[in-house]
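# Structure at a glance
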Amino acid sequence: LKKRTLVAVKPDGVQRRLVGQIIQRFETRGFKLVGLKMLQASEDLLAQHYASLNRKPFYPSLLRYMNSGPVVAMVWEGHNVVKSTRMLVGDTNPAEAKPGTIRGDFSIHISRNIIHASDSVEVAQAEIALWFRRSELMEWECCD
Ligand code: CMP
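Residues numbered from 1 in each chain as written. Predicted model: local features only at pLDDT ≥ 70, side-chain atom pairs only at ≥ 80, totals over all residues. Heavy atoms only, no water.

### Let's talk about the UniProt feature "active site" (unreviewed entry) in the protein chain
According to UniProt, the positions carrying the feature "active site" (unreviewed entry) are His-116. Considering the arrangement of structural elements, one finds His-116 in strand β4 (residues 115-117). Sequence-distant contacts of His-116, defined by excluding residues within four places in its chain, comprise Leu-6, Val-7, Ala-8, Lys-10, His-49, Tyr-50, Arg-103 and Glu-127. (UniProt positions renumbered as here; feature names shortened; annotations may be inferred. Helix = DSSP H or I, 4+ residues; strand = E, 2+ residues; numbered from the N terminus. Contact = heavy atoms within 4.5 Å.)

### Here we look at the UniProt feature "domain: Nucleoside diphosphate kinase-like" (unreviewed entry) in the protein chain
Annotation from UniProt places "domain: Nucleoside diphosphate kinase-like" (unreviewed entry) at residues 2-139. As a span, residues 2-139 carries 41% helix and 17% strand, and end to end its C-alpha atoms are 11 Å apart.

### Re the sheet that holds β4
Taken in spatial order, the four strands make up an open sheet running β2-β3-β1-β4, and their pairing is antiparallel. In this open sheet, the two edge strands, each paired with only one partner strand, are β2 (32-39) and β4. Here the strands of the sheet are splayed against their neighbours by 15° on average, with no regard to which way each runs. The pairing of β2 with strand β3 (residues 71-77) spans seven bridges and is antiparallel. By the bridge assignment for β3, Leu-39 is matched with Val-71. (Pairing = 2+ DSSP bridges. Axes fitted to C-alpha atoms, helices over the stretch in contact; angles between N-to-C directions.)

### Side note on the nonpolar core
Judged by nonpolar contacts, the single largest core of 21 residues is most densely connected at Ile-22, Phe-26, Met-74, Trp-76, Ile-102 and Ile-115. Broken down by secondary-structure element, the contributors of at least two residues to this core are β1 (4-9), α2 (19-29), β3, α5 (81-89), α6 (102-106) and β4. By residue number, the principal contributor to this core is α5, which donates four residues. For Phe-26, the residues in contact, after removing those within four places along its chain, are Val-7, Phe-31, Trp-76, Thr-85, Leu-88, Val-89, Ile-102 and Ile-115. Counting residues in each nonpolar core, the second largest holds 19 residues, with Leu-45, Tyr-59, Leu-63 and Ala-73 among its members. (Core = buried A, V, L, I, M, F, W, Y, C linked by side-chain atoms within 4.5 Å. Buried < 20%, exposed > 50% of the residue type's maximum accessible area, 1.4 Å probe, protein only.)

This is the structure we're talking about:
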């Protein structure tokens, strides 16, 4: 089974023109882009994506935020990609995220933390299946 993870640039990341810099960090690290699309996430999609948080006090505002504009969803592939992506992205709370991480460099507030990344291999599989059709995932090889 190929190691893959779901990453999404959240609406604030898109609005702040951070998409290119975020993609660049994954590419230069050496991960392979196998899925990419821009969409306005539906309430239904977000309710499934955040099902485990539906009792949290911030859940309604989280859904409003995530639906407030388009997101850029991506699937990245590579060795230990789930774990390495969590390191690249940084702590959920930007105040705890180390400088050099995406959140540590570009965000200050937990409710506007610009990027999502799957937090385990199992969750990654479920999230990729939720956000992407199989036909939207590209198989490609190159010169490495
Ligand atoms: P993420 O880890 O991508 O997925 C769950 C999201 O819920 C998280 O990013 C934050 O955007 C949001 N979140 C988590 N905790 C809080 C909180 N205490 N207040 C507001 N939003 C939160």
